[in-house]
Amino acid sequence: MEIDNLEYNTEREHLIIPEYGRHLQKMINYAITIEDREERNKVAKSIIAVMGNLQPHLRDVPEFQHKLWDQLFIISDFKLDVDTPFQVLTKEKLQERPEPLEYPQNFPKYRFYGNNIKRMIDVANSWEDGDLKTALTYTIANHMKKCYLNWNKDTVEDSAIFNHLYELSDGKINLKGSSEDLTDATNLMRGKKKKHTNSSNSSKKNYRNRGKKRY
């Protein structure tokens, strides 16, 4: 065997989707050169079948079939003109940039309250005045207080929570002059502390039982 006849990958044609290998790309290049459209369609369907055989558990799934046809056009550098059961993927469509996603945090100043607090406040604003709205308002305020304590760990005055609620509701919920107090910080955090204590006790129990025989 002559060393001069060796073919290196660096000298070969660039593989557009390497997962399918060089032979499949050569098949697609050949299909592009076929002049008869009917014959070209037949060869394209055969290539799709070969691509599907690489993942047989997905080849009959409609969404996967669509993906295979898109990859067929991508490997052909969009030069293959055949009939497809799906909308033809174009180079412009492939290179199209998606629309930027909106950042979900509307109030980065109060990130410790979470992203859902504004939705809860908007729901409260949509309700008619009455006992149900008042109950919901104080529930939201207590939730805000608990979130604040999870973040700060220290105590927080109810007036601070009322000011934040007033700001986040665009002035529509005003509890600044309320005579009713929010739930005490100790009671709000009691569930969390109890869970931590139980976990600690469980760890101690496991330590005491370590090394004991089990029957």
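In this report, we go over the structure that sits alongside the text. Keep in mind the model is a prediction, meaning the values are calculated, not measured.

As for unusual backbone geometry
Thinking step 1. With a phi close to 60°, D77 is a non-glycine residue in the positive phi region.
Thinking step 2. Located in the positive-phi region is F78, a residue other than glycine, with phi close to 65°.

A look at the nonpolar core
Thinking step 1. Residues Y113, I140, M144, I161 and L165 are the most contacted members of the largest nonpolar core, which totals 25 residues.
Thinking step 2. Elements with a minimum of two residues in this core: α5 (117-126), α6 (131-152), α7 (158-168) and α8 (185-188).
Thinking step 3. At 8 residues, α6 tops the list of elements feeding residues into this core.
Thinking step 4. Those residues in contact with M144, other than ones at most four positions away along the chain, are Y113, I117, I161, H164, L165 and L168.
Thinking step 5. Among the nonpolar cores identified, the runner-up in size contains 21 residues, and V43, A44, M51 and F64 belong to it.

A short note on the pattern of salt bridges
Pairing of side chains with opposite charge becomes possible as their charged atoms draw close.
Thinking step 1. Tallied over the entire structure, the rule returns 8 salt bridges.
Thinking step 2. Here D77 ties to K91 by a salt bridge, and the two come within 3.5 Å at their closest N and O atoms. Residue D77 is located in the loop between α3 (62-75) and α4 (91-94), and its partner K91 is located in helix α4; the two are separated by 14 residues in the primary sequence.
Thinking step 3. The class for D77 is partly exposed, based on a relative accessible area of 34%.
Thinking step 4. The structure contains a network of salt bridges with shared partners spanning R37, D81 and D83.

The rules behind the values
Residues numbered from 1 in each chain as written. Predicted model: local features only at pLDDT ≥ 70, side-chain atom pairs only at ≥ 80, totals over all residues. Heavy atoms only, no water. Core = buried A, V, L, I, M, F, W, Y, C linked by side-chain atoms within 4.5 Å. Buried < 20%, exposed > 50% of the residue type's maximum accessible area, 1.4 Å probe, protein only. Helix = DSSP H or I, 4+ residues; strand = E, 2+ residues; numbered from the N terminus. Contact = heavy atoms within 4.5 Å. Salt bridge = Lys/Arg side-chain N within 4 Å of Asp/Glu carboxyl O.

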